[in-house]
Amino acid sequence: MRSLLILLLCVFPSCAEQQSELQGDGERVVSMSPGITQTLVDLGLKKHIVGRSPFCNGIDESVPVVGDYYDVDFERLLSLKPTIVLVQETQAPKNTHLKRLSDDGAFCLHYWALDSIDDIKQTYSKASNIFTDSPRDLAMSVRKVPKTERVLIVAQGSDVSAGLCFGSDTYLDDVIKSMGLDNALERDGWVMLSLEDVAKLNPDRILIVSDTSIKEESVKGIRSLKIPVLLFEHEHVLIPSSQVSNVAMALHKQLVAVQ
């Protein structure tokens, strides 16, 4: 076993050695997160992405799908000879085989959180730091809306379910609070609510968000509560990435229009 480990360390240089030798144009990146992939694209690093998750957008479809947080094609991953593998950090247990390969020097493995705007800014800075000694900061300025309201943020649901709601310490929670709004859902993270739950919260406005066109039949249940509803469609609203600044500007414009 020890001889096998020594052989692996000889074949695969350490993470520090890889970063030193290959920093810049030589990097080969596998991103298993659509949010991280979009951030790399926004930084102008698309050409370095050699592998992706099946949910990543903004890059050529010819880039091989390697897997996501829960399901990794390790044979394909290793065949791409990545220098860096990027995974979105969640509360789920980390993939032990990915860690073992990284520990053996196959690639540098990074888990980056994307829950809050601060997380997104840190990911933006860390990603830029891979390719330059001067990391870039994500510029973001959100203006206040005229009127403070208690808003419930809901991903498009169904007739009987309100859908997945954005609670405290999520990136859209950060967005609305920076506008001077209050989140009606004070629980942390993402929470599935019933229509009865929403009625009990009794927000001033329900904000339904989607990255595709919102179907009227999917919001009939929420409209039956007789609470003002705002439909917000944006291609990047459901993926935490450096596009959050554009999402915030578009949302501010729509909120101001209805207040």
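Quick caveat, the model's predicted, so the values are computed rather than measured. (Residues numbered from 1 in each chain as written. Predicted model: local features only at pLDDT ≥ 70, side-chain atom pairs only at ≥ 80, totals over all residues. Heavy atoms only, no water.)

### Observations regarding helix α5 (residues 96–103)
Reasoning step 1: Buried within α5 we find L98, L101 and S102. The buried residues of α5 all sit within an arc of 100 degrees when viewed along its axis, so they share a single face.
Reasoning step 2: In this fold, the buried residues of α5 make contact with α4 (74–79), β3 (84–89) and β4 (108–113). (Buried < 20%, exposed > 50% of the residue type's maximum accessible area, 1.4 Å probe, protein only. Helix = DSSP H or I, 4+ residues; strand = E, 2+ residues; numbered from the N terminus. Arc of directions from axis to C-beta. Contact = heavy atoms within 4.5 Å.)

### Comments concerning the packing of aromatic side chains
Reasoning step 1: In total, this model carries 4 aromatic pairs according to the counting rule given.
Reasoning step 2: Consider the rings of Y69 and Y111, whose centres lie 6.3 Å apart with planes at 70 degrees: the pair is edge-to-face. Within this pair, whereas Y69 is found in the loop between β2 (49–52) and α4, its partner Y111 is found in strand β4, the two being separated by 42 residues in sequence. There is no split in this pair, since Y69 and Y111 are both buried. (Phe/Tyr/Trp six-rings, centres within 6.5 Å; stacked < 30°, edge-to-face > 60°.)

### Re the nonpolar core
Most often, soluble globular proteins keep nonpolar side chains buried together rather than apart.
Reasoning step 1: With 43 residues, the main nonpolar core has L172 and V175 as its most contacted residues.
Reasoning step 2: A per-element tally of this core places helix α6 (residues 117–131) first, with 6 residues.
Reasoning step 3: If sequence neighbours within four positions are ignored, L172 has contacts with I153, F166, V209, V237 and V247. (Core = buried A, V, L, I, M, F, W, Y, C linked by side-chain atoms within 4.5 Å.)

### So, unusual backbone geometry
Reasoning step 1: Positioned with a positive phi, K81 is a non-glycine residue whose angle comes to about 50 degrees.
Reasoning step 2: Tracing the backbone shows K81 in the loop between α4 and β3.
Reasoning step 3: In this structure, D169 takes a positive phi of about 60 degrees despite not being glycine.
Reasoning step 4: For D169, the position within the fold is in the loop between β6 (161–166) and α7 (171–178).

### A look at the confidence of the model for the protein
Should pLDDT be low for a region, the predicted coordinates there are not to be read in detail.
Reasoning step 1: Overall, the prediction assigns the protein a mean pLDDT of 88, with 88% of residues at 70 or greater.
Reasoning step 2: For the stretch residues 1–14, pLDDT sits under 50, and the model shows 9 contacts to residues farther than four places along the chain or on other chains.
Reasoning step 3: Note on residues 16–23: pLDDT under 50 across the span, and 18 contacts to partners over four residues away in sequence or across chains. (pLDDT = per-residue confidence, 0-100.)

### A word on the environment of L164
Reasoning step 1: If you trace the backbone, L164 turns up in strand β6.
Reasoning step 2: For L164 and W190, which are 26 residues apart along the polypeptide, the C-alpha to C-alpha distance reads 6.4 Å.
Reasoning step 3: Not counting the four nearest positions on each side in its chain, L164 is found in contact with I153, V154, A155, W190, V191 and M192.

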